[in-house]
Structure formats: structure tokens, C-alpha cells
Amino acid sequence: MGFEKAREMFEAGLTGGDEVGASFCVVRHGEVVLDLWGGHADRARTRPWERDTIVNVWSVTKTVTALITLLVADEHRIAPEERISRFWPEFAAAGKRDVTLAHVLSHSSGLSGWREPLATEDLYDWEKCTSLLAAQEPFWAPGTAPGYHAVTQGYLLGEVVRRITGDTVGAVLAQRVPADFHIGLPAGEDARVAELVPPETPPFSGGDLTEIQRNAAHNPPIPPEVTATRAWRAAEIPAGGGHGNARSVALALSTLTDPAREHLTVQALREHSAGTDLVLGMPIRWGLGFALGETFLPRPRTMCWGGSGGAFVAVDLDSRAVLAYAMNRMSGEVTDMRGLLLALAAWESLD
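Please read all numbers here as calculations on a predicted model, not as lab measurements.

1. Section: the side chain of arginine 247
Next up, step 1: Mapped onto the fold, arginine 247 is located in helix 9 (residues 246–253).
Next up, step 2: Polar contacts involving the side chain of arginine 247 include one to the side chain of aspartate 35, which spans 2.7 Å.
Next up, step 3: Apart from the residues within four sequence positions on either side, arginine 247 is in contact with Cys25, Val32, Asp35, Trp37 and Arg51.

As C-alpha cells, this is what we get:
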């Protein structure tokens, strides 16, 4: 059967660990080779986590949005170094004429938040969010340092996709990627959505905030409870509002393990920004849409990212495998290890 260690670890998390409900999946060469799910879809533990249960995966959404952006750029023969203002002329304002697609994909455009304070509900207004970003000045010189674009990256990439194709990221995703992953969830899918269980303690703030971190805090508050509303689910929030499970994330991103896409992955694996992230306050190396994992993951040609509370995905280009984890009990730890530990156990069976 294989993957015994990962199976045992997953089951232990559900029966004696901290999980409420969760899923873990490995897709290799485009085929599902491990598919685990279990537990409960609600905090009261009255509704089982089924095979088709989906959940808001927070920033793992960014990896799917990056995939769509890379596919669209490739289809239209657009290099990562192309200026965004070529497609979005208004974006050239306030010194951003030379900001490139690669700057946004590698979190180095200087647009880590909005200068104008926004309410959570403003995130449902695409035109407002994008027009404000187009008009504002970057918080630091683009291309000089990474600074995590926690919410803004999705609007920036999404608007580029819309300007090029005439469709939203969610629409392009539905048309071109055969996976049960949604950016903008139809109301008919609500019954499948697992309830997010907020962390018992808020995430550690990391101490005193720098000026740039305070600026990034201009991202509106997004409490976990808001994900249960129809307004949140319906909105396209391409940096953190995606709904799926481990299988759908892994199947979507397996597009990048196709040998026919090697030219894309070569670009994505190249370091485009690096250093101490001005927002996260930690050292990081960014490719295009993913953190580069060669210093802490078993395979050197691996890129990854996680979502608030614990969701995780890694794309291993040497094994042509994608390893993904999604759950509903959020951790308050800055670095939650559940998904990574499951991935490390699964990697042993990929050797």
C-alpha cells in the first residue's frame, strides 16, 4: 500500500491529536497516490469530514493564483520581467511604471498593504481594492527587498489576469484547471464547506513592529468567522479566499509537475527576491509565487507555501509530486508543523 508512516501520523492526529477534521494528499505524475481525509467538519463534531469536504485554505490560495498567472502569461508569451503597466496603464502611477509581474509574484513590489485603511467588507469590492493599489506609492523601492503581500498579491495578479484575458482568476481557474478548487464559491457548494475552528490563542505578533509592518497592517482585519459568510465565499479573494481540500490543491498544482511545463517551473524555481522579509520579519527566498524550499525540504527543486492556521503545499519537481494538507482547526503558532511533518513522512515513501 505504501505511505504507512504518513497514514499512521494522519490517523494519530485525528484520534489522539489536535485535529478536528483534515485531509492530506500526494499526487505524483498527475495521479493521486495517497488520499486521506477524516474527522469532523464542524467544531461541535456532529458533521463528518467527507471525501468531498472543502475548506477555506487561506494563503495556500496564493499558490493556485500564481499557477493561473503563470499559465496565462505563458499562453500570451509574457515574460515574468514584463511591466504590469503594459496591461494595466493606471498602475504606472506613483512611481510604479517599472514594477513587473515577477516583483508581485515574489512579494517585492512594495505593495504589501493599502495606504488607505479598509474594512473587511471592502475586500468584496474588486474595483475599489485594485484602483487604490493602482494609485498608491509603494512602501519601499520595488525589487529591493521581499515583503509579504498577504492580501494585496491576489488583487494585483487577479487584475493582471483580468486585463489580459477578460476573465477573473476564479473564472480562468474553473475553465482551465480540472480540480475541485474554487476562488469565488457558488452558493450551491456551501453544504460541503467545513467550519474553521479559530486558534485558542492569537498568533504571536513577533514583538515591536517595524514601520513597514505597520503599513502592511493596513490590510483589513479578516477574522476566521468571516469565512462562514456567503459574502466572503462568493467574493474572489485570490490571496486567501480559496476553497478546496488537500486533493484539489495537489491536483491543481500538479500542472506544474508536467514535463511539458518545465519551462514554467524553471522560471518559478529561480530566486527572484531574498533576504529578511520586511513584513514577516524572517529570512526567506521567493521564486514566482512560492517560497523556495531547498534549505529545509528533502528535495532541492521544491517550492512551497502555507496558509494561516496550518494548511500547506509543496511541489517537488524532482519526484514530480505535490504534497498537500488542509484542515479546519487553526493553530495559533507562527509556524504550524502538521502539514510539513506529514509531507516529510510521505517523502520517505517517494524515495
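Resuming the write-up.
2. Focus on the pairing of strand 2 (residues 31–39)
Next up, step 1: Taken together, the 8 bridges between strand 1 (residues 21–28) and strand 2 define a ladder with antiparallel strand orientation. Of the residues in strand 2, the one forming a bridge with arginine 28 is glutamate 31.
Next up, step 2: The turn joining strand 1 and strand 2, which pair antiparallel and follow one another in sequence, is formed by 2 residues; a positive phi near 50 degrees is taken by histidine 29.

3. Details of a nonpolar patch on the surface
Next up, step 1: On the surface, a nonpolar cluster with roughly 230 Å² of combined accessible area is contributed by Met9, Met337 and Leu341.
Next up, step 2: Summarising the element assignment, methionine 9 is placed in helix 1 (residues 4–15).

4. Focus: the packing of aromatic side chains
Two measures describe an aromatic ring pair: the distance that separates the ring centres and the angle between the ring planes.
Next up, step 1: A full pass over the atoms with the stated rule returns 7 aromatic pairs.
Next up, step 2: For the pair tryptophan 126 and tyrosine 155, a centre-to-centre distance of 4.9 Å together with 40 degrees between the ring planes defines the contact as tilted. Here tyrosine 155 lies in helix 5 (residues 152–165) and tryptophan 126 lies in helix 4 (residues 126–135), a separation of 29 residues in the sequence.
Next up, step 3: Looking at tryptophan 126, the relative accessible area reads 22%, which means it is partly exposed.
Next up, step 4: Judged by relative accessible area, tyrosine 155 falls into the buried class, the value being 0%.
Next up, step 5: Between the aromatic rings of tyrosine 148 and tryptophan 305, the centroid separation amounts to 5.3 Å while the plane-to-plane angle is 55 degrees, which identifies the pairing as tilted. Taken together, the residues span a long stretch of sequence, with tyrosine 148 in the loop between helix 4 and helix 5 and tryptophan 305 in strand 8 (residues 302–306) at a distance of 157 residues. Taken as a pair, tyrosine 148 and tryptophan 305 share a single burial class, namely buried.
Next up, step 6: Cluster of aromatic residues (ring-pair linked, three or more members): Trp114, Trp126 and Tyr155.
Next up, step 7: For the cation-ring pair, lysine 96 lies above phenylalanine 91, with the distance from its terminal atom to the ring centre recorded as 5.0 Å.

5. Considerations on helix 5
Structural remark: α-helix, 3.6 residues per turn; residues separated by three or four positions point the same way.
Next up, step 1: Its 14 residues give helix 5 an end-to-end C-alpha distance of 20 Å, which sits within 8% of 20 Å, the value for a rise of 1.5 Å per residue.
Next up, step 2: Thr152, Gln153, Gly154, Tyr155, Leu156, Leu157, Gly158, Glu159, Val160 and Val161 are the residues of helix 5 that are buried.
Next up, step 3: For helix 5, the elements touching its buried residues are helix 2 (60–75), helix 3 (101–105), helix 4 and helix 6 (169–176).
Next up, step 4: Of the residues one or two after helix 5, glycine 166 is the one with positive phi, at around 85 degrees.

6. Remarks on the packing of helix 5 against helix 6
Next up, step 1: Axis separation between helix 5 and helix 6 bottoms out at 9 Å; the angle between their running directions is 70 degrees. Classed by the angle they form, the pair helix 5 and helix 6 counts as roughly perpendicular. Listed contacts from helix 6 to Gly158, Val161 and Thr165 of helix 5 are Val169, Val172 and Arg176.
Next up, step 2: Split by residue class, the contact of helix 5 with helix 6 holds 3 nonpolar, 2 polar and 1 charged.

7. A word on the nonpolar core
Next up, step 1: Formed by 97 residues in total, the largest nonpolar core has its most connected members in Phe24 and Met303.
Next up, step 2: Here this core gets 9 residues from one element, more than from any other, and that element is helix 2.
Next up, step 3: Leave out the neighbours within four places in its chain, and methionine 303 touches Leu256, Ala268, Leu269, Phe290, Ala291, Leu292, Gly293, Val313, Ala314, Val315 and Leu317.
Next up, step 4: Grouped together as the second largest cluster of nonpolar side chains are 6 residues, Tyr148, Val279, Trp286 and Ala291 included.

8. Focus on the pattern of salt bridges
Next up, step 1: Summed over the entire model, instances satisfying the criterion amount to 24 salt bridges.
Next up, step 2: Its salt-bridge partner being glutamate 19, residue arginine 338 comes within 3.0 Å of it at the nearest N-O pair. A residue pair is termed long-range when its members are at least 10 positions apart, and arginine 338 in helix 11 (residues 338–350) and glutamate 19 in the loop between helix 1 and strand 1 qualify at 319 residues. For the residue pair arginine 338 and glutamate 19, the accessibility class agrees, reading buried in each case.
Next up, step 3: The salt bridge partner of arginine 86 is glutamate 82, with a shortest N-O separation of 2.8 Å.
Next up, step 4: By sharing partners, the salt bridges in this structure join Glu90, Glu159, Arg162 and Arg163 into a single network.

Criteria and cut-off values
By convention here, each chain's residues receive numbers from 1 onward along its written sequence. In keeping with the predicted nature of the model, local features appear solely for residues at pLDDT of at least 70, side-chain atom pairs appear and are counted solely at 80 or more, and the whole-chain, interface and lining totals rest on all residues. The basis for every side-chain value is the complete set of non-hydrogen atoms in the structure, without hydrogens or water. The helix count covers DSSP runs of H or I at least four residues long, the strand count covers runs of E at least two residues long, and both are numbered beginning at the N terminus. Think of a polar contact as two N or O atoms within 3.5 Å of one another; within protein, one of them needs to be a possible hydrogen donor and the other a possible acceptor, and neighboring residues in sequence only count if both atoms come from side chains. Contact criterion: two residues are considered in contact whenever any of their non-hydrogen atoms come within 4.5 Å of each other. By definition, two strands form a pair when at least two bridges between them are found by DSSP. Patch rule: a residue counts if its relative accessible area is over 30% and it has no salt bridge; like charges are joined within 9 Å, and nonpolar side chains (Val, Leu, Ile, Met, Phe, Trp, Tyr) within 5 Å. Under the convention used here, a 1.4 Å probe and the Shrake-Rupley method define accessible areas, while residue burial counts only the protein chains that appear. When a carboxyl oxygen of Asp or Glu lies within 4 Å of a side-chain nitrogen of Lys or Arg, that pair is called a salt bridge. Here a pair means two rings of Phe, Tyr or Trp (six-membered ring of Trp) with centres within 6.5 Å. Their orientation is stacked below 30 degrees between planes, edge-to-face above 60, and tilted elsewhere. Residue burial is assigned from relative accessible area. The probe radius is 1.4 Å, only protein chains are included, and a residue is buried under 20% of its type maximum, exposed over 50%, and partly exposed in between. Two limits define a charge over a ring: the Lys NZ or Arg CZ must be within 6 Å of the ring centre, and within 35 degrees of the ring normal. Expected helix span is given by 1.5 Å per residue-to-residue step, counting one fewer step than there are residues. Only the stretch in contact is used when fitting a helix axis, every axis being a line fitted to C-alpha atoms; angles between N-to-C directions are given from 0 to 180 degrees. Orientation categories follow fixed angle ranges, with anything under 35 degrees roughly parallel, anything over 145 roughly antiparallel, 65 to 115 roughly perpendicular, and all other angles oblique. Residues are grouped as follows: nonpolar covers Ala, Val, Leu, Ile, Met, Phe, Trp, Tyr, Cys and Pro; charged covers Asp, Glu, Lys and Arg; every other residue, Gly included, is treated as polar. Side-chain atoms within 4.5 Å link the members of a nonpolar core, which is a set of buried Ala, Val, Leu, Ile, Met, Phe, Trp, Tyr and Cys residues.

So yeah, pure geometry; function would need other evidence.
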